[in-house]
Amino acid sequence: MAEQTHVLFVEDDDVIREATQLALERDGFAVTAMPDGLAGLEAFRADRPDIALLDVMVPGLDGVSLCRRIRDESTVPVIMLSARADSIDVVLGLEAGADDYVTKPFDGAVLVARIRAVLRRFGHAGGHGGAAAGAEDDSAADGGVLHFGDLEIDTVGMEVHRGGAPVALTPTEMRLLLEFSSAPGTVLSRDKLLERVWDYGWGGDTRVVDVHVQRLRTKVGQDRIETVRGFGYKLKA
């Protein structure tokens, strides 16, 4: 029997926490459910789950701060849960390093689909098809290594260097960079990036893309990824 995927779920509402835990367990997940952020951090360090679901508004240590603490220690995927789609907490959670978010109230099937989508792309981050295939000769592809100015991307070893120094990327950031590097100079729309990087088979909130592009820019160079207004983004070849 395949090993169960372990989910850390931090939610202070007893009804939501218990109902969601039962729903996830029915879908085959092993769940550790905690009522506050400090307990969630302790559980994360003790259990090292495969994915974390963090409600934004939890006592002790709020979900955004907990996400930052987790991100300081791990690249484990994180999904934030927010009660309002237009809340600034959504953006704060993504800026803290979350990979995706789900708005409450949520349908259990939607939550499971989003969890599985995140896990799929994390599990296949090292085998992203086509990442190097579209590189032109003037990008100096060599054995799976692409060069864009001072940026070096090893598409086989999944390592990135800038000016010779290693760049630490989360799996989502790495997939985003691989997508850009597969077609340097080509404009990729936000919807296309949602489909290819976030594995969305449906429309999603493009703020997820925008925040991750901003995070990626701080690591690979602000001018390396250009904004094409009204269309999307492109990697400067």
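Structural data are supplied above this passage.
Let me sum up the structure you'll find in this document. These numbers were taken from a predicted model, which means no experiment stands behind them. (Residues numbered from 1 in each chain as written. Predicted model: local features only at pLDDT ≥ 70, side-chain atom pairs only at ≥ 80, totals over all residues. Heavy atoms only, no water.)

**Points about the sheet that holds strand 3 (residues 51-55)**
Using the following cut-off: Pairs of strands are assigned from DSSP output, requiring at least two bridges between the strands. By the criteria applied, helices consist of DSSP H or I runs no shorter than four residues and strands consist of E runs no shorter than two, each listed in order from the N terminus. The axes used here are C-alpha line fits, helices contributing only the stretch in contact, and every angle between their N-to-C directions lies in the interval 0 to 180 degrees. We call two residues in contact when some of their heavy atoms are within 4.5 Å.
Spatially, the five strands line up as an open sheet ordered 2-1-3-4-5, and their pairing is parallel. For this open sheet the edge positions go to strand 2 (30-34) and strand 5 (100-103), each flanked by a neighbour on one side alone. Here the average twist between neighbouring strands, direction ignored, is 20 degrees. Direction of pairing for strand 3 relative to strand 4 (residues 78-82): parallel, over a ladder of four bridges. Paired with leucine 53 across the bridge in strand 4 is isoleucine 79. On top of the sheet, helix 1 (residues 14-26) reaches strand 1 (6-10), strand 2 and strand 3; it is set at about 170 degrees to strand 2, its chief contact.

**Considerations on helix 7 (residues 190-197)**
The cut-off we apply is this: Partly exposed describes any residue whose relative accessible area lies between the buried limit of under 20% and the exposed limit of over 50%, with all areas from a 1.4 Å probe on protein chains only and scaled to the type maximum. To obtain the arc, one takes the directions from the helix axis to the C-beta atoms.
Looking at helix 7, one finds that the buried residues are Leu193, Leu194 and Val197. Within helix 7, the buried residues cover an arc of 105 degrees as seen down the axis, which keeps them to one side. At the exit of helix 7 stands aspartate 199, carrying a positive phi of roughly 60 degrees.

**Some words on the pattern of salt bridges**
To be explicit about the condition: One speaks of a salt bridge when a side-chain nitrogen belonging to Lys or Arg is within 4 Å of a carboxyl oxygen belonging to Asp or Glu.
A complete count under the given rule lists 16 salt bridges for this structure. Across the pair glutamate 173 and lysine 219 runs a salt bridge, and its minimum N-O distance is 2.8 Å. Residue glutamate 173 is located in helix 6 (residues 171-181), and its partner lysine 219 is located in helix 8 (residues 207-220); the two are separated by 46 residues in the primary sequence. Of the residues examined, glutamate 173 reaches a relative accessible area of 0% and is grouped as buried.

**Regarding unusual backbone geometry**
Across the junction of lysine 104 and proline 105, the peptide omega takes the value -5 degrees, indicating a cis bond. Here proline 105 shows up in the loop between strand 5 and helix 5 (108-123). The phi angle at arginine 48 is positive, at roughly 50 degrees, despite the residue not being glycine. Turning to its location among the elements, arginine 48 is positioned in the loop between helix 2 (37-47) and strand 3. Residue classification places arginine 48 among the partly exposed residues on the basis of a relative accessible area of 43%. Of note in this structure, methionine 158 is not a glycine but carries a positive phi near 55 degrees. Note that methionine 158 resides in the loop between strand 7 (151-154) and strand 8 (159-162). Given the relative accessible area of 23%, methionine 158 is considered partly exposed.

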